[in-house]
Amino acid sequence: MRSFQKIIAASAAALATTTMLAAVAGLSAAPAFAAEPLRIATATPATRHAAQAEDAVARGRYLVSITGCNDCHTQGYPQRGGQMPTAEWLTGSPIGFQGPWGVSYAANLRLTVQGLTEDQWLAFARAERRPPMPWFALRDMSDADLRAVYRFIRSLGAAGERMPQAVAPGGVVRTPYIPFMPQDPPPVARR
Ligand code: HEC
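These notes cover the structure that comes with them. A quick note: this is a predicted structure, and the numbers were derived from the prediction, not measured. (Residues numbered from 1 in each chain as written. Predicted model: local features only at pLDDT ≥ 70, side-chain atom pairs only at ≥ 80, totals over all residues.)

## So, the site of the ligand
Here is step 1: Every one of the 23 residues lining the ligand counts as a neighbour, but Cys69, Cys72, Ala107, Arg130 and Met133 are closest to it.
Here is step 2: The set of elements that each furnish at least two residues to the shell around the ligand consists of α4 (69-73), α5 (109-112) and α7 (135-139).
Here is step 3: In terms of residue count, the dominant contributor to the shell around the ligand is α4 (four residues).
Here is step 4: Split by residue class, the shell around the ligand holds 15 nonpolar, five polar and three charged. (Near = placed C-beta within 6 Å. Helix = DSSP H or I, 4+ residues; strand = E, 2+ residues; numbered from the N terminus. Nonpolar A, V, L, I, M, F, W, Y, C, P; charged D, E, K, R; others polar.)

## Some thoughts on the pairing of strand β1 (residues 96-99)
Here is step 1: As paired elements, β1 and strand β3 (residues 177-179) share three bridges and run parallel to each other. The partner of Gly96 across the bridge, within β3, is Tyr177.
Here is step 2: Looking at chain direction, β1 and strand β2 (residues 102-104) are connected through three bridges and run antiparallel. Of the residues in β2, the one forming a bridge with Phe97 is Ser104.
Here is step 3: As consecutive antiparallel partners, β1 and β2 are separated by two residues. (Pairing = 2+ DSSP bridges.)

## What to know about the sheet that holds β2
Here is step 1: With mixed pairing, three strands are arranged side by side in an open sheet as β2-β1-β3. Looking at which strands have only one partner, the edges of the open sheet turn out to be β2 and β3. In this sheet, adjacent strand axes meet at a mean angle of 30° when their direction is disregarded. (Axes fitted to C-alpha atoms, helices over the stretch in contact; angles between N-to-C directions.)

## Things to note about the packing of helix α6 (residues 118-126) against helix α8 (residues 143-156)
A pair of packed helices is characterised by two quantities: the angle between their axes and the separation of those axes.
Here is step 1: Two elements in contact, α6 and α8, have axes separated by 10 Å at closest approach and are oriented at 110°. What the angle tells us is that α6 and α8 run roughly perpendicular. In this structure, α6 crosses over α8, and the sense of that crossing is right-handed. The residues of α8 that touch α6, namely those facing Glu118, Trp121, Leu122 and Ala125, are Asp143, Leu146, Arg147 and Tyr150.
Here is step 2: Of the residues belonging to the contact of α6 with α8, the class tally is five nonpolar, no polar and three charged. (Parallel < 35°, antiparallel > 145°, perpendicular 65-115°, else oblique. Left-handed = near helix turned anticlockwise from the far one by under 90°. Contact = placed C-beta atoms within 7 Å.)

The structure is reproduced here in structure tokens:
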């Protein structure tokens, strides 16, 4: 108990010293966030533009992580509960999805964005795709959010290989694939 009191007394002394030093140095004891509006108010158009660009990348990262893009476009992401380095995000998956559409592959988006300007991306991202790509989710995203997603993916740079081309129904499939069709239960389960 006594040593505990000593620790408290020591911390109080340390705090007092810090406050005194700050006062001597002419620093205010105001919390750090109080300086924030000042920085923005004095920002030049160039620094403001840079800050906005940074915000868009951060928002894009957030959108990608909560809208499930990594679920299909990053191999191993769901299995590892999303614990994967960002450097590996969105490099595609060579395991196909099979259904009446044939076999589709979640593209390497890191390479996809390399060939598109931000404006081209808006139209490209909203185009109808084979299942199970939730293309309608991108169609319904605001321009600002879609642009943020593009900026984030671009910020990661090119990585990985191109994924296989989609295979038409009945075509030859050369990769592992996941059947994406409702299956009938085994007879015993129907009773
Ligand atoms: C359930 C799996 C799945 C999810 C989740 C998913 N995708 Fe896809 N995505 C695919 C598949 C499969 C394709 C290939 C579709 C085709 O062949 O037409 C694809 C294709 C695309 C393409 C076209 C790429 C190209 O180069 O042709 C874009 C862009 C894309 N996805 C973006 C996204 C974004 C952004 C998200 C997150 C909001 C997302 N996808 C979520 C499976 C998925």
